[in-house]
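Remarks on the overall topology
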Amino acid sequence: MSLGQTTCRLRSQKGLSQSQLADQLGVSRQSVSKWETDASAPDLDNLVKLHELFGVTMDQLILDEASPPQTESTVPAPVCPQAVPARILVCLLLFGIGALALVLCTLQGDPVAGLILVVPFFIPALICIYAKKRWALWCGWSVYGTLYLAAVMFTRFSSSLFFWKFIARWITRPGASWQMYQTYWFDLLVAALTFAAFAFLAACTLRSSRSLQIAADHARRGIAAGCAAYLVLLFPLPPALANAGFGILPGLLALLRMAVLVGVLVYGAALYRTGKTA
């Protein structure tokens, strides 16, 4: 019997629901559900709390050594329902939305637009299937990347998709004023949303990598390599390449610069934690 099945059996014998057990342990009900379905395992602190709460030894809890043999009079262990992982539900939702968009556009006589619209939904859905760790973060970055490329291809003022570029253009232009940029309100809105989404995803990535342990020397080399790569990616493309394919190549390079920047931030945070604990 697995640890999850043992936890489910002991909880049922105590007459506790998953929510009641979660409250006594100070965790969420979803954590208890994952333990019982063997989707994850409790840490050492929670194992100690479980064995004290159920009144069994650690060996009985983990290895189920002292479980009584199954007899005719023995009550069978309750069957715990297998919870559907959240990432599968999100995957089905994204596939459904993408398929609906494709069908509606096809009925309107524009299947090409439908194929373009399904990309921001199908790519995150595939990520939900194959990425078991940090799948929500990967989905966020994939949606951001596809929408960013769409904005580069279909926005008139794609050169100022970064908020700081728009502000720099306003500051450096002689005699510029906010009135001169009233016609660029949509450009400014897209730039602000792009910057805010990037900042939010970068902050989530840094928070998700808090447990990442990197040696100080490796972190320094990673930061140096990232800075060098970022400087190389800043070189402008030849006009022929920059204008080819609806300007998608500059968009891809911009996404690559973002990835390098986030990597440098992650390595820098790891180096900071290493120096702080040394």
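Residues numbered from 1 in each chain as written. Predicted model: local features only at pLDDT ≥ 70, side-chain atom pairs only at ≥ 80, totals over all residues. Heavy atoms only, no water.

Under the counting rule described, the total for this entry stands at 4 aromatic pairs. Ring geometry for Phe-95 against Phe-122: centres 5.1 Å apart, planes inclined by 55 degrees, an arrangement best described as tilted. Residue Phe-95 is found in helix α6 (residues 86-107), and its partner Phe-122 is found in helix α7 (residues 111-130); the two are separated by 27 residues along the sequence. Residue class for Phe-95 comes out partly exposed when judged on its relative accessible area of 27%. Judged by its relative accessible area of 27%, Phe-122 falls in the partly exposed class. The interplanar angle of 90 degrees and the centroid separation of 5.9 Å between the aromatic rings of Trp-141 and Tyr-144 together place this pair among those described as edge-to-face. (Phe/Tyr/Trp six-rings, centres within 6.5 Å; stacked < 30°, edge-to-face > 60°. Helix = DSSP H or I, 4+ residues; strand = E, 2+ residues; numbered from the N terminus. Buried < 20%, exposed > 50% of the residue type's maximum accessible area, 1.4 Å probe, protein only.)

Okay, the environment of His-51 next. Note on placement: His-51 falls in helix α4 (residues 44-54). For His-51, a relative accessible area of 22% translates into the label partly exposed. Separated by 44 residues in sequence, His-51 and Thr-7 place their C-alpha atoms 9.6 Å apart. The residues touching His-51, leaving out its near neighbours within four places in the chain, are Val-56, Thr-57, Met-58 and Leu-61. (Contact = heavy atoms within 4.5 Å.)

Turning next to the side chain of Gln-18. Mapped onto the elements of the fold, Gln-18 is located in helix α2 (residues 18-25). You can call Gln-18 buried: its relative accessible area is 17%. Polar side-chain contacts of Gln-18 include one of 3.3 Å to the side chain of Arg-29. Among the polar contacts listed, one links the side chain of Gln-18 to the side chain of Glu-36, at a separation of 2.9 Å. In this view, Gln-18 contacts Arg-11, Arg-29, Val-32, Ser-33 and Glu-36; residues no more than four positions away in its chain are not counted. (Polar contact = N/O pair within 3.5 Å; in protein donor to acceptor, adjacent residues only side chain to side chain.)

With that out of the way, let us pick up α7. An α-helical turn contains 3.6 residues, so any two residues separated by three or four positions project in the same direction. With 20 residues, α7 extends 28 Å from end C-alpha to end C-alpha; this agrees with the ideal 28 Å at 1.5 Å per step. Restricting attention to buried positions, one finds in α7 the residues Gly-114, Val-118, Pro-120, Pro-124, Ala-125 and Cys-128. (Expected span 1.5 Å × (residues − 1).)

Once that is clear, we can look at the confidence of the model for the protein chain. Mean pLDDT over the protein chain works out to 75, with 76% of the residues at or above the 70 mark. Per-element confidence in the protein chain is highest for helix α11 (residues 216-233), whose mean pLDDT is 90, and lowest for helix α9 (residues 163-172), whose mean pLDDT is 53. Counting interchain partners and residues more than four positions distant, the pLDDT-below-50 stretch residues 67-73 has 3 contacts. Confidence over residues 156-163 falls short of pLDDT 50; this stretch has 23 contacts with residues more than four positions distant or in other chains. (pLDDT = per-residue confidence, 0-100.)

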